[in-house]
Amino acid sequence: MSKLAFLGLGVMGAPMAGHLAKAGHSVIGYNRTSAKAAEWEKRISGEGLDGTTAPTPADAVADCDVVLTCLGNDDDVRSVLLGENGAMAAMKRGATLIDHTTVSPALAKELAKVAGEHGLLCVDAPVSGGQAGAENGKLAIMCGGSDEAMAAATPVMEAYALRIVHIGDAGAGQTCKAINQVCIAGVLAGLSEGVRMAQATGVDPARVVEAISGGAAQSWQMENRWETMVASEFDFGFAIDWMRKDLAIALGEAKASGLSLPVTALVDQFYAQVQSQGGARQDTSALIRHLPEVSA
């Protein structure tokens, strides 16, 4: 098995790194908040697995065959990979970088260029499936990079993936993730209005979902979020702050391509409204909060 470094041990990265250790890899973790790194190391060692931590990204990646990142945004990735004590300059030639952070396609292409200059392979590999997908090892991963980079990265990612799809060259994975978020935004907007309509007309939302979830209206969001939406429970899942970050990337890419995304732009405004109502860290299904609560 390989010696790996995992940079970013948050709600997604920690379980992903754990799956790699369970698969038999030797994993060195790093997190900018040292308490999270210590917590991860304690849990991994308690399970009898090979997992340690390092104080800087450069220290973590030394002599590693594969380096994985799961961070917050473009600035975080730049800091950890290209900043002082950054990982890329310290990686050994021939190693593979797998970036699971959702960032701009432009940054993904930049990282691939820098990787090439350092004799590294690079895959942009944003994920979908949320915290539950990470914990259960059932993430969907959309990838951009060369065939050689994908061949090196795929066996590693299989430790926590349900589906791995090579979309195209560097940046293609990030473009696919932007499209993924556009599709989710539209589905949640429709589901929010459908739930509110059921409440307003006095029909039982549970019966409605039972009836329509077997047909063309069915979606993952419907199956997994309708009940908590009805109950106004949102303190879990993928935060609105992160969704708006991703939608900004999508809207920027669309504009650069001469494309208008009117529905996505409108949903982004609805999310901004929910943020102003204190929902910034709530699950994306809290989009329903932009619609006033109603009674039959």
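The present account deals with the structure reproduced in this document. On a predicted model such as this, the values are computed, not experimentally measured, just so you know.

**Examining the packing of helix 1 (residues 13-22) against helix 2 (residues 34-46)**
Working step 1: The geometry of helix 1 relative to helix 2 is characterised by a closest axis approach of 11 Å and an angle of 30° between their N-to-C directions. By the angle class used here, helix 1 and helix 2 are roughly parallel. Helix-helix and strand crossings are classified by hand; for helix 1 and helix 2 the assignment is right-handed. Residues Ala 14, Pro 15, Ala 17, Gly 18 and Ala 21 of helix 1 touch helix 2, and the partners they reach there are Trp 40, Arg 43 and Ile 44.
Working step 2: In terms of residue class, the contact of helix 1 with helix 2 is built from 6 nonpolar, 1 polar and 1 charged.

**A look at the packing of helix 4 (residues 74-82) against helix 5 (residues 105-117)**
Working step 1: Where helix 4 contacts helix 5, the two axes come as close as 11 Å, and the packing angle between them is 10°. When the interaxial angle is binned, helix 4 and helix 5 end up roughly parallel. Here Asp 74, Val 77, Arg 78, Leu 81 and Leu 82 of helix 4 lie close against helix 5, whose contacting residues are Leu 107, Glu 110, Leu 111 and Val 114.
Working step 2: Grouping the amino acids of the contact of helix 4 with helix 5 by side-chain chemistry returns 6 nonpolar, no polar and 3 charged.

**Re the environment of Gly 194**
Working step 1: On the secondary structure map, Gly 194 appears in helix 8 (residues 172-201).
Working step 2: A sequence separation of 94 residues divides Gly 194 from Ile 288, and the C-alpha atoms of the two residues are 9.7 Å apart.

**Comments concerning the layout of surface pockets**
Working step 1: Its volume calculated, the second largest pocket comes out at about 270 Å³.
Working step 2: What lines the second largest pocket is a set of 14 residues, among which Gly 10, Ala 14, Pro 15, Glu 39 and Arg 43 lie closest to the centre.
Working step 3: Elements with a contribution of two residues or more to the lining of the second largest pocket: helix 1, helix 2 and helix 6 (130-136).
Working step 4: Per element, the largest residue contribution to the lining of the second largest pocket is 5 residues, and it comes from helix 1.

**Focus: the pairing of strand 8 (residues 139-144)**
Working step 1: Most of strand 8 sits out of view: 5 of its 6 residues are buried.
Working step 2: As paired elements, strand 7 (residues 127-128) and strand 8 share 2 bridges and run antiparallel to each other. Residue pairing across strands places Ser 128 opposite Ala 140, the latter belonging to strand 8.
Working step 3: Pairing analysis gives 6 bridges linking strand 8 to strand 9 (residues 161-168), with the strands arranged parallel. The partner of Ile 141 across the bridge, within strand 9, is Ile 164.
Working step 4: Between the parallel pair strand 8 and strand 9, the chain is carried across by helix 7 (residues 147-157), and the sense of this crossover is right-handed.

Quick notes on the rules
Residues numbered from 1 in each chain as written. Predicted model: local features only at pLDDT ≥ 70, side-chain atom pairs only at ≥ 80, totals over all residues. Heavy atoms only, no water. Axes fitted to C-alpha atoms, helices over the stretch in contact; angles between N-to-C directions. Helix = DSSP H or I, 4+ residues; strand = E, 2+ residues; numbered from the N terminus. Parallel < 35°, antiparallel > 145°, perpendicular 65-115°, else oblique. Left-handed = near helix turned anticlockwise from the far one by under 90°. Contact = heavy atoms within 4.5 Å. Nonpolar A, V, L, I, M, F, W, Y, C, P; charged D, E, K, R; others polar. 1 Å grid on protein atoms, 1.4 Å probe; cavity = no way out; pocket = protein on both sides within 12 Å on 5 of 7 lines; lining within 4 Å. Points joined across faces, edges and corners; volume = space filled by probe spheres on them. Buried < 20%, exposed > 50% of the residue type's maximum accessible area, 1.4 Å probe, protein only. Pairing = 2+ DSSP bridges. Right-handed = clockwise from strand over helix to strand, strands pointing away.

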